[in-house]
Amino acid sequence: MRVHDAQRVSRDVLTSRARALPHGRARTARATTFRPGALRGFDADERYDAVVVGAGVIGLACARALSLRGMRVCVIDKAESIGAETSSKNSEVLHAGMHYVPGSAKAKFCVEGRRKIVKYCEKKDVKWENIGKLIVARDESQMDALEAMITRAQMNDVDDLALLTSEQLTAYEKNVRGYAGVLSPSTSIVDVQELMESFRRDCVRDGRTTVALGDEVVEITRGLSKTFQVKTKSRRVISTPRLVNAAGLYAHRLCDRLLDVYDISVTPPPPLYFARGMYCELKKGYSAPFQRLPYPFPREGGLGVH
């Protein structure tokens, strides 16, 4: 009997015994974390209901949703910790949803997602704060666009924006100067690291989800019966009928590794635009000059310096 056959038999025996436990008896759930060196020397033969590539906030949220549906899920990330890339390098803002085209997926998921995350944070005691945002027009030439943004927001079911005069702007924030502005009271900030840790705990609590850190997907091919064969750098081979590409800035690279699964010449992935982000820190002893998030009027390619 080969090693991986023996392991499969052992797993089946353990599963059968677990099912035979008396009703109501507690079963201990624990997180399983694989490391690249742990499986060297042979190809593991594993099967999951879903494989999620990327253990950032999106990947963990997807894994949690799949796990809640009773699926066995494997989350794979090449980093040694969750959320080590884009998810931990942003301004942690829960946007209200006034910038997106009405009826678009971005508009729908931004508005619905913000509301769901707020409810989740309140239920799970994840740190968040509803501090609000000010969008500032520098002169009269931006007024038509500012008013159009309010109309667009209403079409996206964001109905709490308020148009402010220059004097009202200063009354809200004494260090903000502008011709006019918009107050978005539902824009919030969240502790993303706490949010991701909470998602991870939800995933592994029931014992159905494995989070594999420090490993990298190197190839994905078609398997039998409409499945994917996911191969990793540590020589794991995982069979799954569902694959979630949540690799963030590496999602395009993962598409290149899908081989016969995904033809990028027929259906190319969306364009990838890189933008440089810089963060400044106040000197010790200085208090924050703003109580809310001040933003300039959006420009092409981003939301401007904020």
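Residues numbered from 1 in each chain as written. Predicted model: local features only at pLDDT ≥ 70, side-chain atom pairs only at ≥ 80, totals over all residues. Heavy atoms only, no water.

Colleague: Can you help me understand the packing of helix α2 (residues 57-68) against helix α6 (residues 192-205) in this one?
Modeller: Any two packed helices are characterised by the angle at which their axes cross and by the distance between the axes. Between α2 and α6, whose axes approach to 9 Å, the crossing angle comes to 30°. Accordingly, the angle class assigned to the pair α2 and α6 is roughly parallel. When the axes of α2 and α6 are compared, the crossing they make is left-handed. Within the contact between the two elements, α2 uses Val57, Leu60, Ala61, Ala63, Arg64 and Ser67 and α6 uses Leu195, Met196, Phe199, Arg200, Asp202 and Cys203. Per-class residue counts for the contact of α2 with α6 are 8 nonpolar, 1 polar and 3 charged. (Axes fitted to C-alpha atoms, helices over the stretch in contact; angles between N-to-C directions. Helix = DSSP H or I, 4+ residues; strand = E, 2+ residues; numbered from the N terminus. Parallel < 35°, antiparallel > 145°, perpendicular 65-115°, else oblique. Left-handed = near helix turned anticlockwise from the far one by under 90°. Contact = heavy atoms within 4.5 Å. Nonpolar A, V, L, I, M, F, W, Y, C, P; charged D, E, K, R; others polar.)

Colleague: Would you mind showing me how to read the nonpolar core here?
Modeller: For soluble globular proteins, the rule of thumb is that nonpolar side chains tend to be buried together. Residues Val52 and Val73 are the most contacted members of the largest nonpolar core, which totals 25 residues. Contributing elements (two or more residues each) for this core: β2 (50-53), α2, β3 (73-77), α3 (105-124), α6 and β10 (209-213). Of the residues forming this core, the biggest block, 6 residues, is contributed by α6. Apart from residues lying up to four places away in sequence, Val52 is in contact with Gly59, Ala63, Leu66, Val73, Cys74, Val75, Ile76, Val244 and Ala246. Judged by nonpolar contacts, the second largest core, of 19 residues, contains Ala96, Met143, Val158 and Phe297. (Core = buried A, V, L, I, M, F, W, Y, C linked by side-chain atoms within 4.5 Å. Buried < 20%, exposed > 50% of the residue type's maximum accessible area, 1.4 Å probe, protein only.)

Colleague: Would you mind showing me how to read a nonpolar patch on the surface here?
Modeller: Side chains of Leu249, Leu272 and Phe274 sit close together on the surface and give an oily, nonpolar patch of about 320 Å² of accessible area. Considering the arrangement of structural elements, one finds Phe274 in the loop between α7 (251-256) and β15 (293-296). Judged by its relative accessible area of 66%, Phe274 falls in the exposed class. (Patch = residues over 30% accessible without salt bridge, like charges linked within 9 Å, V, L, I, M, F, W, Y side chains within 5 Å. Areas by Shrake-Rupley, 256 points an atom, 1.4 Å probe, with all protein chains shown as cover. Salt bridge = Lys/Arg side-chain N within 4 Å of Asp/Glu carboxyl O.)

Colleague: In this structure, what is going on with the packing of aromatic side chains? I would like to understand it.
Modeller: Aromatic rings in a pair are described by how distant their centres are and how their planes are angled relative to each other. Scanning all chains against the criterion turns up 1 aromatic pair. With 5.0 Å between their ring centres and 50° between their planes, Tyr120 and Phe199 make a pair best called tilted. Within this pair, whereas Tyr120 is found in helix α3, its partner Phe199 is found in helix α6, the two being separated by 79 residues in sequence. Taken as a pair, Tyr120 and Phe199 share a single burial class, namely buried. In this structure, Arg72 is placed above the aromatic ring of Tyr48, and the distance from its NZ or CZ to the ring centre is 4.5 Å. (Phe/Tyr/Trp six-rings, centres within 6.5 Å; stacked < 30°, edge-to-face > 60°. Lys NZ or Arg CZ within 6 Å of the ring centre and 35° of its normal.)

Colleague: Please clarify how the pattern of salt bridges should be interpreted in this entry.
Modeller: The final tally for this structure, using the stated rule, is 16 salt bridges. Across the pair Arg115 and Asp157 runs a salt bridge whose closest N-O atoms are separated by 3.1 Å. Within this pair, whereas Arg115 is found in helix α3, its partner Asp157 is found in the loop between α4 (143-155) and β7 (162-165), the two being separated by 42 residues in sequence. Arg115 gets classed as partly exposed once you look at its relative accessible area, which sits at 34%.

Colleague: What am I meant to see in the sheet that holds strand β5 (residues 128-129) here?
Modeller: Hydrogen bonding along the main chain pairs the strands of a sheet, whether they run parallel or antiparallel. Pairing within the open sheet is antiparallel, and its 3 strands lie in the order β4-β9-β5. With partners counted over all chains shown, the strands left at the sheet margins are β4 (93-94) and β5, one partner each. Note that β4 and strand β9 (residues 188-190) share 2 bridges and pair antiparallel. Each residue of the ladder has a partner; that of Leu94, found in β9, is Ser188. (Pairing = 2+ DSSP bridges.)

Colleague: Can you walk me through α2 in this structure?
Modeller: Since one α-helical turn is 3.6 residues long, residues separated by three or four positions face the same way. The first and last C-alpha atoms of α2 sit 16 Å apart over 12 residues, in line with the 16 Å expected at 1.5 Å per residue. When we look at burial in α2, the residues that qualify are Gly59, Leu60, Ala63, Leu66 and Ser67. Viewed along the axis of α2, the buried residues span an arc of 125°, placing them on a single side of the element. Opposite the buried face of α2, by more than 90 degrees, sit the exposed residues Ile58 and Leu68. Buried residues along α2 sit in contact with β2, β3, α6, β10 and β14 (243-245). A positive backbone phi angle near 90° is found at Gly70, which sits one or two residues after α2. (Expected span 1.5 Å × (residues − 1). Arc of directions from axis to C-beta.)

Colleague: What's the story with α3 in this structure? I'm lost.
Modeller: Under the 1.5 Å per step criterion, the end-to-end length of α3 is 27 Å for 20 residues, consistent within 8% with the ideal 28 Å. Within α3, the full set of buried residues consists of Ala107, Cys110, Val111, Arg114, Val118, Tyr120 and Cys121. Those residues of α3 hidden inside the fold are in contact with α2, β4, β5, β9 and α6. Count one or two residues on from α3 and you reach Asp125, which has phi positive near 60°.

Colleague: Help me understand the environment of Met143, please; the structure alone is not making it clear to me.
Modeller: Take Met143: it is sitting in helix α4. The exposure class of Met143 is buried, given its relative accessible area of 14%. Linking Met143 and Tyr179, residues 36 residues apart in sequence, is a C-alpha distance of 8.7 Å. Those residues in contact with Met143 that sit more than four places away from it in its chain are Leu163, Tyr179 and Ala180.

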